[in-house]
Amino acid sequence: QALRGLIVPAASGGSAQVRGLGVVVDVSDAPPAAGAPKPALVFLAQPLSSEHFRLWLEWCVAEGVILYSPFEGDVERGATAGLSVQAKVQPYVNLQTLKSSGIRLRRFYVEHSRVLP
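Below, the structure is looked at part by part. Note on numbering: residues in each chain are counted from 1, in written sequence order. In view of the model being predicted, local features appear only for residues whose pLDDT reaches at least 70, and side-chain atom pairs are presented and counted only at 80 or more, with totals across whole chains, interfaces and linings using the full set of residues. Only hydrogens and water are set aside; all other atoms, that is, all heavy atoms of the structure, feed into the side-chain values.

### Considering the sheet that holds strand 5 (residues 81-85)
So, step 1. In this description, strands pair whenever DSSP reports at least two bridges between them. Numbering of helices and strands starts at the N terminus; helices are DSSP runs of H or I of at least 4 residues and strands are runs of E of at least 2. Taken in spatial order, the five strands line up as 3-4-5-6-7 in an open sheet, and their pairing is mixed. Since the sheet does not close on itself, it has two edges, and those belong to strand 3 (41-43) and strand 7 (114-116), each with one partner. Averaged over all neighbouring strand pairs, the angle between strand axes comes to 30°, with direction disregarded.
So, step 2. As judged from the three bridges shared by strand 3 and strand 4 (residues 66-69), these two strands associate in the parallel manner. Directly across from phenylalanine 43, in strand 4, lies its bridge partner tyrosine 68.
So, step 3. Where helix 1 (residues 50-63) meets the sheet, its contacts fall on strand 3 and strand 4, and the angle it forms with strand 4 comes to roughly 145°. Angular values range over 0 to 180 degrees, each being the angle between N-to-C directions of two axes fitted as lines to C-alpha atoms, with helices fitted over their stretch in contact. Whether two residues are in contact is decided by their heavy atoms, any of which lying within 4.5 Å being enough.

### Concerning the pattern of salt bridges
So, step 1. Any Lys or Arg side-chain nitrogen found within 4 Å of a carboxyl oxygen on Asp or Glu counts as a salt bridge. Scanning the model with the defined rule gives three salt bridges in all.
So, step 2. One salt bridge connects arginine 54 with glutamate 58, and the closest N-O pair in it is separated by 3.2 Å. Here glutamate 58 and arginine 54 lie together in helix 1, a separation of four residues that amounts to about one turn.
So, step 3. Think of it in three bands: residues with accessible area under 20% of the maximum for their type are buried, residues over 50% are exposed, and the middle band is partly exposed, with areas taken using a 1.4 Å probe on protein chains only. Residue classification places arginine 54 among the partly exposed positions, given a relative accessible area of 44%.
So, step 4. The class of glutamate 58 is partly exposed, set by a relative accessible area of 46%.
So, step 5. A salt bridge links arginine 107 to glutamate 111, with the nearest nitrogen and oxygen atoms 3.0 Å apart. Note that arginine 107 and glutamate 111 are positioned in helix 4 (residues 107-111) at a spacing of four residues, about one turn of the helix.

### So, a nonpolar patch on the surface
So, step 1. Patch membership requires over 30% relative accessible area and the absence of a salt bridge. Like charges are linked within 9 Å, and nonpolar side chains (Val, Leu, Ile, Met, Phe, Trp, Tyr) within 5 Å. Calculation of accessible area relied on Shrake-Rupley with a 1.4 Å probe; when residues are assessed, cover is drawn exclusively from the protein chains displayed. A cluster of nonpolar residues, Leu83, Val85 and Val89, forms a patch on the protein surface that exposes about 290 Å² of accessible area.
So, step 2. Along the chain, leucine 83 turns up in strand 5.

### Quick look at the nonpolar core
So, step 1. Remark: nonpolar core denotes a set of buried residues (Ala, Val, Leu, Ile, Met, Phe, Trp, Tyr, Cys) joined through side-chain atoms within 4.5 Å. Val42, Leu44, Phe53, Trp56, Leu57, Trp59, Cys60, Val65, Leu67 and Ala79 together form the largest nonpolar core, which totals 10 residues.
So, step 2. For this core, the leading source of residues is helix 1, giving five residues.
So, step 3. The residues touching tryptophan 59, leaving out its near neighbours within four places in the chain, are Pro31, Pro32, Lys38, Pro39, Val42 and Val65.

### What about helix 1?
So, step 1. Each residue after the first adds 1.5 Å to the expected span of a helix. Taking 1.5 Å of rise per residue, 14 residues should cover 20 Å, and helix 1 covers 20 Å from first to last C-alpha, within 8% of that figure.
So, step 2. When we look at burial in helix 1, the residues that qualify are Phe53, Trp56, Leu57, Trp59 and Cys60. Down the axis of helix 1, the buried set is contained in an arc of 165°. They therefore lie on one face. Pointing more than 90 degrees away from the buried face of helix 1 are the exposed residues Ser50, Glu51 and Ala62.
So, step 3. The inward-facing, buried residues of helix 1 contact strand 3, strand 4, helix 2 (74-77) and helix 3 (95-101). Note that the arc is defined by the directions from the helix axis to the C-beta atoms.

Encoded structure:
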């Protein structure tokens, strides 16, 4: 709930435009119920316990939704993507989760990412 005040426009139904496309931001601590609108991406805003991470990961894989986590170790735990902070910052991609989710990324993105096979 603390994140709601940080998101502009306001979370839960607030909308914005990114490159002319509408974006809706919703803050949630559980995957959407069956039949609810499905997001294109789940962004983890805080580290999750193993149980909560597994719940989100299983839902994202089953629904073909990207699970993005900027937290260390989450791509290794199965998150679809995150960041690899080394001498440079670059995308970090879990190919097994991508394949399981049926998600396809542009080859250029994968070629310029750190990849977990």
